[in-house]
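# Structural features, examined
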Amino acid sequence: MDYELEEDKMGMTVTSGSVKLKKDSQNLIGISIGGGAPLCPCLYVVQVFDNTPASKDCTLAAGDEIVGVNGKSLRGRTKVEVARAIQAVKGEVTIHYNKLHADPKLGKTLDIVLKKQKHRMVEHMSSSTADALGLSRAILCNDSLIKKLEELDRTSELYKGLMEHSKKLLRSFYDLSQTHKAFGDVFAVIGARETQPKASEAFMQFGEAHRNIEKYGIRMLKTVKPMLSDLNTYLNKAVPDTKLTIRKYADAKFEYLSYCLKVKELDDEEYAYAALGEPLYRVETGNYEYRLILRCRQDARQRFAKMRSDVLVKLELLDQKHVQDIVFQLQRFVSGMSNYHEDCHKQMKEADVFPIEVDLLRTTFNYDKANEFNDHEDEEEEEEEVEEKEPEPQGPAEGKMISID
């Protein structure tokens, strides 16, 4: 068939080649064909199906022109005749093609950008709302993966609250351990200054017990503190990275849906002109605009499939980490607190020194007005005053011994 109009390649280039494809068990190579007589001078690949000989070979792509089968030219044939010619060959078939070299940026027009925004708008709409607004909804709307963003936001809030409470708890626990240390220092000083051996030993033992409790507290803090680091890694790295991947996936999905919608619009336009018997310029000149959109749709679909796979993997890993991390951190916390309380209980059992008896008459806690410590001089003066006064007997050792319970 002769065509008066020259092919309008829209600045794109083509290169010729051939590829041998081994058919599958159903005698198919895995492509769909468009164009051909009587309307279009070119026969081209509309779609390459997944997991087929053509997709595994990766030579043919959407938009490529098919010019021959096993050395026979297909010029002027219909797409039905081409399909029969390919099916007639058994085993291995040789496809002669003109590879379309198209820049995907040429296909990303303002119309595609607007369609992406439209899909973003209707993503969370119900069918009735979209119909009332006159907006068509794609099959992939209300995607469960995109809804995961809301779930991740709730998980992030949970971890933020958990981290804040953990920080406050550990800070309070550190203050408590410092209080134990201060108690230990005070009792140690009292024990060092006490002249009575038994009382001194009791005070020293009680002070050492509090110092050990402080050490147990610091050890527990060192055990539990990495929990904050792990929670922070999950909250500020794992979750944001997954959310970013989901957003990229959503963008790839909206772009793929936009190209699908554009292909449908071009198909409808072509069918409308064919029904009226009117020629369509882009079809009569090789349908390169349509073939460009087919190539862009194929590329967008590959990106969409890859991003969907990445999102599924990351969500699975994140869920596993979430469950395992929570269990591990709680076990670490409970174990740390349990060991701390057991050690403290054991330490206080060993430091059971009460009651402590202290003879106030023999105590060395006597200070002058300048708060200076006096030892033997004050004792001698007190003994002289007691001898001079010669108090009346008031019962044996009354007022001399005090029991500290």
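Structure's up top.
Residues numbered from 1 in each chain as written. Predicted model: local features only at pLDDT ≥ 70, side-chain atom pairs only at ≥ 80, totals over all residues. Heavy atoms only, no water.

Here we come to the overall build of the protein. Within the protein, the regular secondary structure consists of eleven helices and eight strands. Partitioning the intrachain contacts of the protein with sequence separation of at least 6 by distance along the chain shows that 77% fall at a separation of at least 24. For the protein, the computed accessible surface area is about 24500 Å², with 53% contributed by carbon and sulfur atoms. (Helix = DSSP H or I, 4+ residues; strand = E, 2+ residues; numbered from the N terminus. Contact = heavy atoms within 4.5 Å. Areas by Shrake-Rupley, 256 points an atom, 1.4 Å probe, with all protein chains shown as cover.)

Bringing the packing of helix 8 (residues 226–276) against helix 10 (residues 288–350) into the picture now. Between two packed helices, both the angle of their axes relative to each other and the distance between the axes serve to describe the pair. For the pair helix 8 and helix 10, the least separation of the axes is 7 Å and the interaxial angle reads 160°. Taken together, the axes of helix 8 and helix 10 lie roughly antiparallel to each other. Crossing hand, helix 8 versus helix 10: left-handed. Among the residues making up the contact of helix 8 with helix 10, the classes are represented as 26 nonpolar, four polar and 17 charged. (Axes fitted to C-alpha atoms, helices over the stretch in contact; angles between N-to-C directions. Parallel < 35°, antiparallel > 145°, perpendicular 65-115°, else oblique. Left-handed = near helix turned anticlockwise from the far one by under 90°. Nonpolar A, V, L, I, M, F, W, Y, C, P; charged D, E, K, R; others polar.)

To continue, consider the packing of helix 6 (residues 144–193) against helix 7 (residues 197–224). Where helix 6 contacts helix 7, the axes come no closer than 7 Å and their chain directions differ by 160°. Here helix 6 lies roughly antiparallel to helix 7, going by the angle between them. The handedness of the crossing between helix 6 and helix 7 is left-handed.

Within this structure, the stated rule accounts for eight aromatic pairs. Measuring from ring centre to ring centre gives 4.7 Å for F187 and F206, while their planes differ by 90°; the resulting arrangement is edge-to-face. Here F187, found in helix 6, pairs with F206, found in helix 7; they are 19 residues apart in sequence, far enough to count as distant. Look at F206 and you get buried, because its relative accessible area is 11%. Of the aromatic side chains, those joined through ring pairs into one cluster are F183, F187, F203 and F206. When the ring centre of Y288 is taken as origin, the NZ or CZ atom of R291, which lies over that ring, is 4.3 Å away. (Phe/Tyr/Trp six-rings, centres within 6.5 Å; stacked < 30°, edge-to-face > 60°. Buried < 20%, exposed > 50% of the residue type's maximum accessible area, 1.4 Å probe, protein only. Lys NZ or Arg CZ within 6 Å of the ring centre and 35° of its normal.)

Turning to the environment of T13, a few remarks are in order. With respect to the helices and strands, T13 occurs in strand 1 (residues 13–22). Expressed as a C-alpha distance, the spacing of T13 and L100, which sit 87 residues apart in the sequence, is 6.2 Å. Sequence-distant contacts of T13, defined by excluding residues within four places in its chain, comprise K99, L100 and H101.

This brings us to the pattern of salt bridges. Per the counting criterion, the structure on display carries 23 salt bridges. The residue K99 makes a salt bridge to D64 at a minimum N-O spacing of 2.8 Å. Here the residue K99 occupies a position in strand 6 (residues 92–101), and D64 occupies one in the loop between helix 1 (53–57) and strand 4 (65–69), the gap between them amounting to 35 residues. For K99, a relative accessible area of 16% gives the class buried. (Salt bridge = Lys/Arg side-chain N within 4 Å of Asp/Glu carboxyl O.)

With that out of the way, let us pick up the side chain of T52. Looking at where T52 falls in the secondary structure, it is placed in the loop between strand 3 (43–48) and helix 1. Owing to a relative accessible area of 10%, T52 belongs among the buried residues under this scheme. When sequence neighbours within four positions are dropped, the list of residues in contact with T52 reads I29 and G30.

So, about unusual backbone geometry. Omega for the peptide link from A37 to P38 comes to 5°, which places this bond in the cis form. Structurally, the position occupied by P38 is in the loop between strand 2 (31–35) and strand 3. A positive phi angle, near 55°, is found at N70, a position not held by glycine. With respect to the secondary-structure elements, N70 resides in the loop between strand 4 and strand 5 (72–73). Located in the positive-phi region is N287, a residue other than glycine, with phi close to 55°. The residue N287 is located in the loop between helix 9 (281–284) and helix 10 in this model. With relative accessibility at 0%, the residue N287 sits in the buried group.

Glancing now at the nonpolar core. Formed by 54 residues in total, the largest nonpolar core has its most connected members in Y44, M220, Y249, L294 and Y340. Among the elements of the structure, strand 3, helix 6, helix 7, helix 8 and helix 10 are those that each provide at least two residues to this core. Those residues in contact with M220 that lie beyond four places of it in its chain are F173, G336, M337 and Y340. (Core = buried A, V, L, I, M, F, W, Y, C linked by side-chain atoms within 4.5 Å.)

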